[in-house]
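Coordinate inspection notes
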Amino acid sequence: NYSTGSLPPNAFHQYVANLTLILLQHNMFSKNLYDNQFNTIELTALNSIDLSNNQFTGNLPPGLFQNKQRPTIQFLTSFKQCFTDPISKEICSLTSLEVLDLDGMTANCAKHIWAFLPGSPKYTDFISGGVPSCVWSSLKNLTTFRISGNGLVGTIPDLSQYGNLSEIDLSFNS
C-alpha cells in the first residue's frame, strides 16, 4: 500500500471489537504510536499485531501490552522501524506470546555515513538498554524470538527453561 502519515489517535476502537489481527506491515507510516491507539477495552479478540517495515518512531507503546481485559497477544512482529527508545518491560505482561520479532527496530531510518556521497554505506542508531530481564523469566510460551540488529547490550541467560523455543536470533547485538 505504501500508506503514509501517522495513525489516528483512536485508530482501533469500539467499531472493531472483533478484530483479531492488526496488520500494518510494508507501509510508510511514521511518527509515534500512542497508548490510546491500542489500549482500548474494545479490542478483546486481538491476538496478533504486525507493525513491520514502517517508520514508526519512539517505542512500542506500553498501552499495547497493558490491557487486562484483552486476551493475551500471541504474535507481535515489529521489525524494520525507526524506534530508538528502550524496549518496555511491560512487554512481559504478554505471557501467552509465542512469536516476538523485533529485528532491526531502527533499520528503516538508516543514515548515510557521508550524506553528500550518493550510495555511501549506511548506519543505524541502536536501541538503548537491553532486553528487559523479565523477557527471560516471564515469556515461557515463546517459540520464536528474533531481536537481531539492534545493538542491544546484555547477557543471555540459561535458556533451558524455554522448552517451546525453536528459533532465536540475537545476532548483531553486543
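Keep in mind the model is a prediction, meaning the values are calculated, not measured.

1. Brief notes about the overall build of the chain
In terms of regular secondary structure, the chain is built from two helices and 12 strands. Of the regular secondary structure in the chain, the N- to C-terminal order runs β-β-β-α-β-β-β-β-β-β-β-α-β-β. The burial tally for the chain puts 38% of its 174 residues in the buried class. Within the chain, counting contacts between residues at least 6 apart in sequence, those at least 24 apart form 68% of the total. Split by element, the accessible area of the chain, about 8,900 Å² in all, is 54% carbon and sulfur.

2. Overview of the state of the cysteines
Summed over all chains, the structure comprises one disulfide. Paired through a disulfide, Cys92 and Cys134 show a sulfur-sulfur distance of 2.0 Å. Given an S-S torsion of about 80°, the disulfide between Cys92 and Cys134 has right-handed geometry. With a gap of 42 residues between them, Cys92 in the loop between strand E7 (82-83) and strand E8 (99-101) and Cys134 in helix H2 (residues 133-138) connect regions that are remote in the sequence. On the accessibility criterion, Cys92 (8% relative accessible area) is buried. What makes Cys134 buried here is its relative accessible area of 17%.

3. Topic: the layout of surface pockets
If you add up the space inside the largest pocket, you get close to 190 Å³. When the residues that make up the lining of the largest pocket are grouped by side-chain class, the tally is seven nonpolar, five polar and no charged.

4. Quick look at the sheet that holds E8
Spatially, the six strands line up as an open sheet ordered E2-E4-E6-E8-E11-E12, and their pairing is parallel. If you trace the sheet from one side to the other, it starts and ends with strand E2 (21-23) and strand E12 (167-169), each paired once. Each strand axis lies, on average, 5° off the axis of its neighbour in the sheet, ignoring direction. Of the pairings in the sheet, the one linking E2 to strand E4 (residues 48-50) comprises three bridges and is parallel in character. Of the residues in E4, the one forming a bridge with Leu23 is Asp50.

5. A short note on a nonpolar patch on the surface
On the surface, a cluster of nonpolar side chains totalling about 450 Å² of accessible area is made up of Ile113, Trp114, Phe116 and Leu117. Within the element layout of this structure, Phe116 appears in the loop between strand E9 (111-112) and strand E10 (122-123). Residue classification places Phe116 among the exposed positions, given a relative accessible area of 69%.

6. A closer look at the pairing of strand E3 (residues 28-32)
As paired strands, strand E1 (residues 4-5) and E3 are joined by two bridges and run parallel to one another. For Thr4, the partnering residue across the bridge sits in E3 and is Met28. Across three bridges, the pairing between E3 and strand E5 (residues 55-58) is parallel. Within E5, the position partnered with Lys31 by the bridge is Phe56.

7. Points about the sheet that holds E3
Reading across from one edge, E1-E3-E5-E7 is the order of the four strands in this open sheet, with parallel pairing throughout. Each edge of the open sheet is held by one strand with a lone partner, namely E1 and E7.

8. Structural notes on the packing of aromatic side chains
All chains considered together, the criterion is met by two aromatic pairs. Residues Trp136 and Phe145 carry aromatic rings whose centres are separated by 5.5 Å and whose planes lie at 85° to one another, so their mutual orientation is edge-to-face. Phe145 carries the same exposure label as Trp136, and that label is buried.

Conventions and cut-offs
- Within every chain, residues take consecutive numbers counted from 1 along the sequence as written.
- Local features in this predicted model are restricted to residues of pLDDT 70 or higher, and side-chain atom pairs are both shown and tallied only at a pLDDT of 80 or more, whereas totals for entire chains, interfaces and linings draw on every residue.
- Hydrogens are left out, water is left out, and the side-chain values use all remaining heavy atoms of the structure.
- Comment: elements are numbered from the N terminus, with helices defined as DSSP H or I runs of at least four residues and strands as E runs of at least two.
- To sort residues, take the accessible area from a 1.4 Å probe on protein chains only and compare it with the maximum for the residue type: under 20% means buried, over 50% means exposed, and anything in between is partly exposed.
- Contact definition: two residues touch when any of their heavy atoms are within 4.5 Å.
- Under the convention used here, a 1.4 Å probe and the Shrake-Rupley method define accessible areas, while residue burial counts only the protein chains that appear.
- Our working definition of a disulfide is a cysteine sulfur pair at a distance within 2.5 Å.
- Here a cavity denotes a set of grid points, spaced 1 Å apart and computed over the protein atoms alone, in which a 1.4 Å probe fits but from which it cannot get out, and a pocket denotes an open set meeting protein on both sides within 12 Å along at least five of seven lines; residues with an atom within 4 Å of a point are reported as lining.
- Grid points are joined across faces, edges and corners, and a volume is the space filled by probe spheres set on the points.
- Under the grouping applied here, Gly and all other residues not named as nonpolar or charged are polar, the nonpolar ones being Ala, Val, Leu, Ile, Met, Phe, Trp, Tyr, Cys and Pro and the charged ones Asp, Glu, Lys and Arg.
- Pairing between two strands requires that DSSP report at least two bridges joining them.
- To get an axis, a line is fitted to the C-alpha atoms, and for a helix only the part in contact is used. The angle between two axes follows their N-to-C directions and goes from 0 to 180 degrees.
- For patch building, the residue pool is restricted to those with more than 30% relative accessible area and no salt bridge; the joining distance is 9 Å between like charges and 5 Å between nonpolar side chains (Val, Leu, Ile, Met, Phe, Trp, Tyr).
- Any carboxyl oxygen of Asp or Glu within 4 Å of a side-chain nitrogen of Lys or Arg constitutes a salt bridge here.
- Two rings from Phe, Tyr or Trp (for Trp, the six-membered ring) form a pair when their centres are within 6.5 Å of each other. A pair whose planes differ by under 30 degrees is stacked, one over 60 is edge-to-face, and the rest are tilted.

Don't take any of this as a statement about function, it's just geometry.
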